[in-house]
Amino acid sequence: MYRVLLVDDHPVVITACRWLLNEAGIASLIEAHDAESGYDAFVRDRPDAAVIDLRLQGDEFGGIRLIERIRSHDPRARILVFSMLTDPRIVRSAIDAGASGYLLKDAPPHELPKALEQVRAGGTYLTPELATRIALLRNVSDGNLPTSLTPRERQALALLAEAKSYQAIADQLGISYKTVINLTYRLRQKLGARSLPDLVRMAVEMARPGL
């Protein structure tokens, strides 16, 4: 067994994680409930890995700052984010801050030990869906898409990367639902994609992100 630091301000989450990790026989748990005590526990106990929620004591990005602080203290720290936040921009920020993995709290229970073991062993963990959305977001924001795309097409593609529905895209861009369908069709033609999933995969291949 190895030692894991869990930083979360919800006692029920800590209890559930402790049970899951004990059942898997892979870790003993050190708990902390806020960013400051989490950092102190990391420095004091030197855990093999840390599991950190991003929203701590009402601060949506307290976990990201904690990740940065831990990685500044120990660049080799193994950190798994355990959060309900699904916005790809937030996920990317956590990865950029130094997290090696990102697990959603609504994932099946067996995914926690699996994700933790991969991160502790020096690997990365990210579901294919989140990886796709991050890669597509990076592709759009970094300007790596073909120059033939219009600004409006890039906007639509960025919103698709955030898993927005056609209607949500129409509302945000101030255009009709039919126009969104036409934009998506043109994107698929320009990128050589046969369907929306193909469109996303094409963007991922062009981005070639490294976590």
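Along each chain, residue indices are assigned from 1 in the same order as the chain's sequence is written. Totals for whole chains, interfaces and linings use every residue, but because this is a predicted model, local features are given only for residues with pLDDT of at least 70 and side-chain atom pairs only at 80 or more, for both listing and counting. The basis for every side-chain value is the complete set of non-hydrogen atoms in the structure, without hydrogens or water.

## Overview of the packing of aromatic side chains
Filter applied, for reference: Pairing of aromatic rings covers Phe, Tyr and Trp, the last counted by its six-membered ring, and requires centre-to-centre distances within 6.5 Å; plane angles under 30 degrees mean stacked, over 60 mean edge-to-face, and any other angle means tilted. Numbering of helices and strands runs from the N terminus; a helix is a DSSP stretch of H or I covering at least four residues, while a strand is a stretch of E covering at least two. Here the term buried applies to any residue with accessible area under 20% of the maximum for its type, exposed to any over 50%, and partly exposed to those in between, with areas from a 1.4 Å probe on protein chains only. Remark: a charge is flagged as sitting over a ring if the NZ atom of Lys or the CZ atom of Arg is within 6 Å of the ring centre and within 35 degrees of the ring normal.
In the structure shown here, the tally under the stated rule is one aromatic pair. Measuring from ring centre to ring centre gives 6.0 Å for Tyr166 and Tyr177, while their planes differ by 65°; the resulting arrangement is edge-to-face. Note that Tyr166 is positioned in helix H8 (residues 166-173) and Tyr177 in helix H9 (residues 177-191), a separation of eleven residues in sequence. A relative accessible area of 22% places Tyr166 in the partly exposed class. The ring centre of Tyr39 lies 3.8 Å from the NZ or CZ of Arg69, which sits over that ring. Across from the ring centre of Phe82, 5.8 Å away, lies the NZ or CZ of Lys105, which sits over that ring.

## Digging into the packing of helix H2 (residues 35-45) against helix H3 (residues 62-73)
Put simply, the rule reads: Geometry is summarised by axes, namely lines fitted to C-alpha atoms with helices restricted to the contacting stretch, and by angles between N-to-C directions that run from 0 to 180 degrees. Angle categories are assigned with fixed cut-offs, so that under 35 degrees is roughly parallel, over 145 is roughly antiparallel, 65 to 115 is roughly perpendicular, and the rest are oblique. Note on convention: the crossing is left-handed when the near helix lies turned anticlockwise from the far helix by less than a right angle, right-handed when the turn is clockwise. Between two residues, a contact is recorded if the distance between any of their heavy atoms is within 4.5 Å. Each residue gets one of three labels, nonpolar for Ala, Val, Leu, Ile, Met, Phe, Trp, Tyr, Cys and Pro, charged for Asp, Glu, Lys and Arg, and polar for the others, Gly among them.
Where H2 meets H3, the closest approach of the two axes is 10 Å, and the angle between their N-to-C directions is 25°. Considered as vectors, H2 and H3 are oriented roughly parallel to each other. When you trace H2 past H3, the crossing you get is right-handed. Contact residues: Ala35, Glu36, Gly38, Tyr39, Phe42 and Val43 in H2; Gly62, Leu66, Arg69, Ile70 and His73 in H3. Counted by class, the contact of H2 with H3 contains six nonpolar, three polar and two charged residues.

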